Amino acid sequence: MKVSELPYRRVTREEMTEGLQRVIGRVKAAQSVEEILAARAEYLSLTTEYATAQSLSYMRYTINTVDPFYLAEKDYYDEIGPEVENLALQYTSAVLDSPFRKELETVLSPILLRSMELQRRSMSPEIIDDMVEENKLVSEYAQLMAGMLFPFRGEQLPRPMLMKYARSADRATRRACYEALGTTLEAHSAQLDDLFDRLVHVRDRMAKKMGYENFIELGYCRMERMCYDAQAVQTFRENIVRDIVPVVSRLRLENAKRLGIDTFRLYDNEFFTPGGDPTPCGKDDLFAAAQKMYDAMGDVPGAFFRMMCENEAFDVESRPNKWGGGYCTEFPKFRQPFILANFNGTSGDVDVVTHEAGHALNAYLIADNRFALELGCGGMETAETHSMSMEFFAWPYLDAFFPKAGDAERYRFQHALDALSFLPYGTMVDEFQHRVYAEPGLTPAERNAVWLELEHKYRPWIDFDALPFYGRGAGWQRQLHIYECPFYYIDYCLSTMAALQFFLLSLKDHKDAWERYLKLVRRAGLASYTELMQTAGLKVPFEDGSIKAIAQQMGQWIAEHQV
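For clarity, every value in this text was computed on a predicted model and none was experimentally measured. (Residues numbered from 1 in each chain as written. Predicted model: local features only at pLDDT ≥ 70, side-chain atom pairs only at ≥ 80, totals over all residues. Heavy atoms only, no water.)

Participant: Explain the overall build of the chain here, please?
Facilitator: Assigned secondary structure in the chain consists of 23 helices and 5 strands. Its C-alpha atoms give the chain a radius of gyration of 23 Å, near enough to 24 Å, the size a compact globule of 563 residues would have. For the chain, the spread of C-alpha atoms along the three principal axes comes to 75 × 55 × 50 Å. Across the chain, contacts joining residues at least 24 apart in sequence account for 77% of those joining residues at least 6 apart. Accessible surface for the chain amounts to roughly 21500 Å². Of this, 51% is attributable to carbon and sulfur atoms. Between the averaged position of the 62 positive side-chain charges in the chain and that of its 82 negative side-chain charges there is a distance of 2 Å. (Helix = DSSP H or I, 4+ residues; strand = E, 2+ residues; numbered from the N terminus. Rg over C-alpha atoms; globule rule 2.2 N^0.38 Å. Contact = heavy atoms within 4.5 Å. Areas by Shrake-Rupley, 256 points an atom, 1.4 Å probe, with all protein chains shown as cover. Lys, Arg positive; Asp, Glu negative; His and termini not counted. Charge placed at Lys NZ, Arg CZ, Asp CG, Glu CD.)

Structure below.
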């Protein structure tokens, strides 16, 4: 069935309350493991309906953020979500406190019970009102950013369309793009500061009500960090500063000189090769090329992508009032993944049918996993490993995506350097969030000062040239994740480390690397991130010095493949 035809029905507060209370009672009264498993089956049925309705309403809201019906539906789930989550917590607690817990760990999964423990540590009835407030603030931010138009050379452009000019071969155009971006964001700076200030304080308030020192520990519980903590992440960031930043700084400055750039400005950061961004084929040809690629990867990937196309499970055109980011979600009742993106004619369009489709392929492969609804693919660092790695496994097929001679090779160079360059930025975002939530009383100006300090630490090769908005350290405000999902961004960095290792392995034996990847994808939700990395034979980046060799090998490959 086409995604546009999937039936939507509001799942009400009343039916979820009645159903979940009944399930909780059944678990508490259970006289055997079998009775708990029967109650869990009812719980899964209820949550399948709820998750599907919530996901459908959110998807239809994001494709048009001013649609009054789906805006109201999204707001409804934002309002009742914390109440439903509280009832789910009561179910979780009943399972965890059951006298049959040890037997349940054997019959079900230790990973599932560990996830339940983290859920219990991330929720309390006393923070329900705060969670509702947080949801409203996130929605307000999303609507503000989705509705924002940027005047550029006589046009009013949504942000994704504006940002294609950030990759122009013409330096004056790139500068004009960032000036237009910064000027418009500057005009909304007071609103952006106010929204974030309120988000920081409501999150800090929730954490303290639950007995935490600040939001950091609560944030880690909400992200369900099963196998590492803030200290491990700090070691990872230190590894990045010591072993990745110098390599990236050298490569970016050397590449800039090769491109005729003496002083590396922020508006040069998306410019990698002579001629600017490699130009992919148009949408129809791009999807046809992607189908051939997935067919070549195997029968299962081929069938997956064909299903996605037949069910029109993509919305990729950029337009006003559409949510400005990209994501993959799924509708559990219909076993249907869905991808939203904003094509703008740049090489980023190729990433949609590789990165986001990597997420969707995982959802397709684990749909029969009996823990898929409760655990998904595991943590978000695991989810992003699927997508980031797929970008690199697409390399042998890139000539079909880039019809102009030499563009595929330019894309490979750009992709590798961009991926390595992302690691300092991503860890900078993470340290910024740790600093902000450790000191929730920082003023907007003080937060901007922290961001500028971190820019010099993580991206010392960039000169901001007094650009509006960016020059005063407000550039973090365009990063959706900082507002919408705190502590998520480090997952992209952890997954990039996995993707780079798969890439280096593929240079030696592509088939072996691909088989390791598929093994990891199929085990998603059945093991922790560190266990999955070890299963695939990859280094876990939390040990001191663990990424030095990867940095050196990637730096060498990039230096030897300049185009």
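Once the structure has been displayed, the description carries forward.
Participant: Is there a simple way to explain the pattern of salt bridges in this structure?
Facilitator: Two side chains of opposite charge can pair, provided their charged atoms sit close to one another. Scanning the entire structure with this criterion turns up 53 salt bridges. Put simply, Lys2 and Glu312 hold a salt bridge, and the shortest N to O gap is 3.4 Å. You can see Lys2 sitting in the segment before helix H1 (13-29) and its partner Glu312 sitting in the loop between helix H13 (299-310) and strand E3 (314-317), a full 310 residues away along the chain. Judged by relative accessible area, Lys2 falls into the partly exposed class, the value being 33%. For Glu312, a relative accessible area of 42% gives the class partly exposed. Of the charged contacts, one joins Arg167 and Glu270 as a salt bridge, the two residues approaching to 3.7 Å between their closest N and O atoms. Taken as a pair, Arg167 in the loop between helix H7 (159-162) and helix H8 (171-187) and Glu270 in the loop between helix H11 (230-258) and helix H12 (283-297) lie far apart in primary sequence, 103 residues in all. Assessed through its relative accessible area of 15%, Arg167 is described here as buried. A cluster of three or more residues bridged by salt bridges with shared partners is formed by Arg237, Asp430, Glu431, Arg435, Glu453 and Lys457. (Salt bridge = Lys/Arg side-chain N within 4 Å of Asp/Glu carboxyl O. Buried < 20%, exposed > 50% of the residue type's maximum accessible area, 1.4 Å probe, protein only.)

Participant: What is the right way to read the packing of aromatic side chains from this model?
Facilitator: A complete count under the given rule lists 53 aromatic pairs for this structure. Here the aromatic rings of Tyr8 and Tyr70 are separated by 5.6 Å at their centres, their planes lie at 70°, and the arrangement is edge-to-face. Note that Tyr8 is positioned in the segment before H1 and Tyr70 in helix H3 (residues 68-96), a separation of 62 residues in sequence. The exposure classification of Tyr8 matches that of Tyr70, with both residues buried. Over the face of the ring belonging to Phe271 we find Arg174, whose NZ or CZ atom lies 4.1 Å from the ring centre. (Phe/Tyr/Trp six-rings, centres within 6.5 Å; stacked < 30°, edge-to-face > 60°. Lys NZ or Arg CZ within 6 Å of the ring centre and 35° of its normal.)

Participant: How should the side chain of Asp268 be read in this particular structure?
Facilitator: Mapped onto the secondary structure, Asp268 falls in the loop between H11 and H12. Of note is the side chain of Asp268, whose polar atom sits 2.7 Å from the side chain of Arg171. In this structure, Asp268 is in contact with Arg171, Arg174, Arg252, Ile261 and Thr263, ignoring residues within four places of it in sequence. (Polar contact = N/O pair within 3.5 Å; in protein donor to acceptor, adjacent residues only side chain to side chain.)

Participant: Help me out: how do you make sense of the nonpolar core in this one?
Facilitator: Buried together is how nonpolar side chains tend to be arranged in soluble globular proteins. Ranked by size, the top nonpolar core spans 203 residues in total, and within it Leu162, Tyr178, Phe401, Leu420, Met554 and Ile558 carry the most contacts. It is helix H17 (residues 407-438) that provides the largest number of residues to this core, a total of 15 residues. For Leu420, the residues in contact, after removing those within four places along its chain, are Ile244, Val247, Val248, Leu251, Leu500, Met554 and Ile558. (Core = buried A, V, L, I, M, F, W, Y, C linked by side-chain atoms within 4.5 Å.)

Participant: What is the right way to look at the environment of Trp557 in this model?
Facilitator: With respect to the helices, strands and loops of the structure, Trp557 is situated in helix H23 (residues 548-560). As for Trp557 and Ile24, which are separated by 533 residues in sequence, their C-alpha atoms are 56 Å apart. Apart from residues no more than four positions distant in its own chain, Trp557 is found in contact with Trp395, Arg412, Phe413, Ala416, Phe503 and Leu507.

Participant: Is there a simple way to think about the environment of Ala438 in this case?
Facilitator: Tracing the chain through its elements places Ala438 in helix H17. Ala438 gets classed as partly exposed once you look at its relative accessible area, which sits at 43%. Once the C-alpha coordinates of Ala438 and Pro486 are considered, the two residues, 48 residues apart in sequence, prove to be 13 Å apart. Leave out the neighbours within four places in its chain, and Ala438 touches Asn214 and Ile216.

Participant: For this particular structure, what's the right way to read the packing of helix H6 (residues 128-147) against helix H9 (residues 189-209)?
Facilitator: Axes are the key here: two packed helices are described by the angle between their axes and the distance separating the axes. Where H6 meets H9, the closest approach of the two axes is 10 Å, and the angle between their N-to-C directions is 160°. In terms of axis orientation, H6 runs roughly antiparallel to H9. For the pair H6 and H9, the sense of crossing is left-handed. Residues Asp130, Met131, Glu133, Glu134, Leu137, Val138, Glu140, Tyr141, Leu144 and Met145 of H6 pack against Gln191, Leu192, Leu195, Arg198, Leu199, Val202, Arg203, Arg205, Met206 and Lys209 of H9. Partitioned by chemical class, the residues of the contact of H6 with H9 number 11 nonpolar, 1 polar and 8 charged. (Axes fitted to C-alpha atoms, helices over the stretch in contact; angles between N-to-C directions. Parallel < 35°, antiparallel > 145°, perpendicular 65-115°, else oblique. Left-handed = near helix turned anticlockwise from the far one by under 90°. Nonpolar A, V, L, I, M, F, W, Y, C, P; charged D, E, K, R; others polar.)

Participant: Please explain the sheet that holds strand E4 (residues 327-331) as it appears in this structure.
Facilitator: Strands in a sheet are paired, the pairing made by backbone hydrogen bonds, and the direction either parallel or antiparallel. Spatial strand order, E3-E5-E4: 3 strands in an open sheet with mixed pairing. The sheet terminates laterally at E3 and E4, the two strands that pair on one side only. For this sheet, the mean angle separating the axes of adjacent strands, direction not counted, is 15°. In terms of strand pairing, E4 meets strand E5 (residues 336-343) through 5 bridges, oriented antiparallel. (Pairing = 2+ DSSP bridges.)

Participant: Got a minute to help me understand the packing of H11 against H23 in this structure?
Facilitator: Close contact between H11 and H23 brings their axes to 9 Å; oriented N to C, the two are set at 10°. Our classification of the angle between H11 and H23 gives roughly parallel. Within the contact between the two elements, H11 uses Asp243, Ile244, Val247 and Leu251 and H23 uses Lys548, Ala551, Gly555, Ile558 and Ala559. Among the residues forming the contact of H11 with H23, the class breakdown is 6 nonpolar, 1 polar and 2 charged.

Participant: I'm lost on the pairing of strand E1 (residues 149-152) in this one. Help?
Facilitator: Successive residues of a regular strand alternate their side chains across the two faces of the sheet. Going residue by residue along E1, you find Phe150 and Phe152 tucked away on one face and Leu149 and Pro151 left uncovered on the opposite face. Pairing of E1 with strand E2 (residues 155-158), which is carried by 4 bridges, proceeds in the antiparallel orientation. Bridge pairing in E2 links Phe152 to Glu155. In this structure, the hairpin formed by E1 and E2 is closed by a connection of 2 residues, where Arg153 is found at a positive phi of approximately 50°.

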